[in-house]
Amino acid sequence: MECVIREWRIKDKTDLAKNLNNINILNNLRDGLPFPYTERDAEDYITSMLSADQSKTFAFAITLGDKVIGSIGIFRCENIHYRTAEIGYYIGEQYWGNGYAASAAKQACEYVFRNTDIMRIFAEPFACNVRSCRVLEKAGFQYEGTLHKNAVKNGRILDMKMYALLKEA
């Protein structure tokens with residue numbers, strides 16, 4: 001079955017909380033998410049995405065059938081980078097290894113390139129997150145280099161990799 005991205009719905013909070021309440025996922029995301037991750041946290045996130053500026057925030061539920069299996073968002077940068085955006089995503093651990101994240105990334109990038117003036121979408125996964133790097137490569141992103149000692153996560157200094165996808169002319 002192919003995954004589909006769609007707009008968030010408040011009723012997605014149960015699936016969202018179930019998938020994101022996982023330390024193996026949180027360890028590969030930026031800080032700021034609560035743990036444990038509750039349905040209230042999920043509802044707050046969904047509400048914020050639904051009320052966000054739609055010219056800057058493109059947030060989608062990743063679904064199989066109508067079940068939420070993950071989340072993907074593309075967020076416009078500012079100032080001189082206003083035609084650049086950063087992508088972030090995760091898939092519930094039980095769905096890893098099926099190509100869903102790469103498929104969702106392709107769908108989200110196609111949507112943004114088709115409907116906005118954004119010309120570059122980038123990602124900065126931790127260099128040790130081999131699975132996420134592979135997702136980006138499968139989605140057509142090009143590796144641009146390593147950002148050495150670029151983050152501190154769980155008390156560890158980590159390198160990050162820079163990937164980008166450019167809008168075709």
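Residues numbered from 1 in each chain as written. Predicted model: local features only at pLDDT ≥ 70, side-chain atom pairs only at ≥ 80, totals over all residues. Heavy atoms only, no water.

If you walk across this open sheet you meet the seven strands as β1-β2-β3-β4-β5-β7-β6, and the pairing is mixed. Unpaired on one side and paired on the other, β1 (4-6) and β6 (142-153) mark the two borders of the sheet. Strand-to-strand twist of the sheet, defined as the mean angle between neighbouring strand axes without regard to direction, takes the value 30°. In this structure, β1 lies alongside strand β2 (residues 57-64), joined through three bridges in antiparallel fashion. Bridge pairing in β2 links I5 to I62. (Pairing = 2+ DSSP bridges. Helix = DSSP H or I, 4+ residues; strand = E, 2+ residues; numbered from the N terminus. Axes fitted to C-alpha atoms, helices over the stretch in contact; angles between N-to-C directions.)

It is worth spelling out the packing of helix α1 (residues 13-20) against helix α3 (residues 39-50) at this point. Relative to each other, α1 and α3 sit at 115°, their axes nearing to 8 Å. Considered as vectors, α1 and α3 are oriented roughly perpendicular to each other. The chirality of how α1 crosses α3 is right-handed. Residues K13, T14, L16 and A17 of α1 pack against E39, A42, E43, Y45 and I46 of α3. When grouped by side-chain class, the residues that make up the contact of α1 with α3 number five nonpolar, one polar and three charged. (Parallel < 35°, antiparallel > 145°, perpendicular 65-115°, else oblique. Left-handed = near helix turned anticlockwise from the far one by under 90°. Contact = heavy atoms within 4.5 Å. Nonpolar A, V, L, I, M, F, W, Y, C, P; charged D, E, K, R; others polar.)

What the rule picks out here adds up to three aromatic pairs. Between F60 and Y111, the ring centres sit 5.4 Å apart and the planes meet at 80°, which makes this aromatic pair edge-to-face. Linking F60 in strand β2 with Y111 in helix α4 (residues 100-115), this pair joins segments that are 51 residues apart in sequence. A relative accessible area of 33% means that Y111 is categorised as partly exposed. Taking the ring centre of Y143 as reference, the NZ or CZ of K161 above it sits at 5.5 Å. (Phe/Tyr/Trp six-rings, centres within 6.5 Å; stacked < 30°, edge-to-face > 60°. Buried < 20%, exposed > 50% of the residue type's maximum accessible area, 1.4 Å probe, protein only. Lys NZ or Arg CZ within 6 Å of the ring centre and 35° of its normal.)

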